[in-house]
Amino acid sequence: MAGGYGAVGVHVVETVAGWFPGRVVPAGRDLARAARLAGTLGAAGGGAARVDVADAAGFARVLEEHAIGVVVLCVEPPDATIARLCLSRGVHLVDVGASDALLAQVEELEPANATAVLSVGVAPGLTNLLARRACDVLGGAERIDLTVLLGAGERHGADAVRWTVAQLAAHAEGSPLRVALPGFGARTAHPFPFSDQHSLRRTLGVPLVTTRLCLDSAPLTGALFAMRRAARHAGVRRALTGVLSRVHLGDDRFAVRADAYLGGKHVAYALAGRAQSRYTALVAAHVTRALLGGGLPPGVHHLDQLPALASIPEDLGLVVEDALEIDRMSF
């Protein structure tokens, strides 16, 4: 588990170690932290390792020394080198990254004896699965709108906060939209460059996909997106990253919704839960279990391209609501 002791990684490690005792190796640049986590697993642990996703040679040594069969990337590498390294050696890959430029590089790989699963988590991840359901019901789609609500009170890892602030300054297509979300009512969500809106255009063949983001606090959402232009400056991004890392307003609830449109037809699905980081980890853990069980085909696939994983929301105990249920519960 690269980044195995972070906010997401620790839950992946603990969950998979419960299913496969003695076979999970927490890893990251800080060997001491990885070793402490391995120590908490006791007999279920499989040791710890130091890896750096920017050091391909060192990563390769760890793969060989620990006879790794599946790598879960809970930290984003600079390019597709690590993915290429793993897949060329027959090592499966689970990537929780959310940057389309990187995932698109991995898509180009063509492994014959290994599987890479991309778009793993909540967004991307659960958003992809809901979009696939909606699209399948309609028999295709001309447009898909994805909405993600995150709890501002949840404590995210430093890398996740930095990534979010960086994306705030990036270009995002579309305009704000008022959307009903289960348990939250109608919220204004703003375009945000999650990778799902790009990958779904390729996997579902839908010409227009837009992902929008809001926080559980409407005032904080407004304040955050009011800073979009200012966030283009590095100093503002550093300051905003520091604030978001220290200040936690609201709670840890999250919700996602996918709306698909074809002609005059419309289908929507949504779900809600608590602790987005934990659910990202649980999605990754379930994908890892499927890979270790040999149930997925070789090649590079986004989560929505694998029918065997379509039931992950229900497997995690999440209730998927349709459009009528969402509107009835949310207003």
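Note: the structure precedes this text.
Residues numbered from 1 in each chain as written. Predicted model: local features only at pLDDT ≥ 70, side-chain atom pairs only at ≥ 80, totals over all residues. Heavy atoms only, no water.

Draft legend 1. Quick look at the packing of aromatic side chains. Evaluation of the coordinates by the stated rule reveals 3 aromatic pairs. Centroid distance F192 to F194: 5.0 Å. Interplanar angle 55 degrees. Geometry classified as tilted. Accessibility classification places F192 together with F194 in one group, the buried group. Ring pairs connect the aromatic residues F192, F194 and F225, which therefore count as one cluster. Above the ring of Y261, the side-chain terminus of R143 is found at 4.0 Å from the ring centroid. Here the basic side chain of R289 rests over the ring of W19, its NZ or CZ set 3.9 Å away from the ring centre. (Phe/Tyr/Trp six-rings, centres within 6.5 Å; stacked < 30°, edge-to-face > 60°. Buried < 20%, exposed > 50% of the residue type's maximum accessible area, 1.4 Å probe, protein only. Lys NZ or Arg CZ within 6 Å of the ring centre and 35° of its normal.)

Draft legend 2. Just the sheet that holds strand β5 (residues 115-118), in detail. Taken together, 4 strands build an open sheet; the order of strands is β3-β4-β5-β12 and the sheet is parallel. Of all the strands in the sheet, just β3 (70-73) and β12 (299-302) have a single pairing partner and so form its edges. Each strand of the sheet is rotated relative to its neighbour by a mean of 15 degrees, with strand direction disregarded. In the sheet, strand β4 (residues 92-95) pairs with β5 via 2 bridges, with the strands oriented parallel. Considered in β5, the bridge of V94 is made with V117. (Pairing = 2+ DSSP bridges. Helix = DSSP H or I, 4+ residues; strand = E, 2+ residues; numbered from the N terminus. Axes fitted to C-alpha atoms, helices over the stretch in contact; angles between N-to-C directions.)

Draft legend 3. Expanded view of the nonpolar core. Of all hydrophobic cores here, the largest spans 70 residues; its most connected members are L126, I144, V287 and I312. Those residues in contact with L126 that sit more than four places away from it in its chain are G121, V256, L271, V283, I312, P313 and L318. Counting 27 residues, the second-largest nonpolar core is a separate cluster that includes V53, V71, L93 and A114. (Core = buried A, V, L, I, M, F, W, Y, C linked by side-chain atoms within 4.5 Å. Contact = heavy atoms within 4.5 Å.)

Draft legend 4. Broad picture of the layout of surface pockets. A volume near 360 Å³ is recorded for the second largest pocket. Along its surface, the second largest pocket is lined by 23 residues, and R23, V25, I68, G69 and V70 are the ones closest to its centre. Across the lining of the second largest pocket, the residue classes break down as 17 nonpolar, 5 polar and 1 charged. (1 Å grid on protein atoms, 1.4 Å probe; cavity = no way out; pocket = protein on both sides within 12 Å on 5 of 7 lines; lining within 4 Å. Points joined across faces, edges and corners; volume = space filled by probe spheres on them. Nonpolar A, V, L, I, M, F, W, Y, C, P; charged D, E, K, R; others polar.)

Draft legend 5. Examining the pairing of strand β8 (residues 185-191) more closely. Across the 7 residues of β8, 5 count as buried, placing the element largely inside the fold. Where strand β7 (residues 177-181) lies against β8, 5 bridges are found, and the strand directions are antiparallel. Counted as the bridge partner of A180 is A186 from β8. Between the end of β7 and the start of β8, which pair antiparallel, lie 3 residues, with G183 showing a positive phi angle near 90 degrees. Where β8 lies against strand β9 (residues 208-215), 2 bridges are found, and the strand directions are antiparallel. Note on β9: the bridge partner recorded for P191 is R212.

Geometry only, nothing functional implied.
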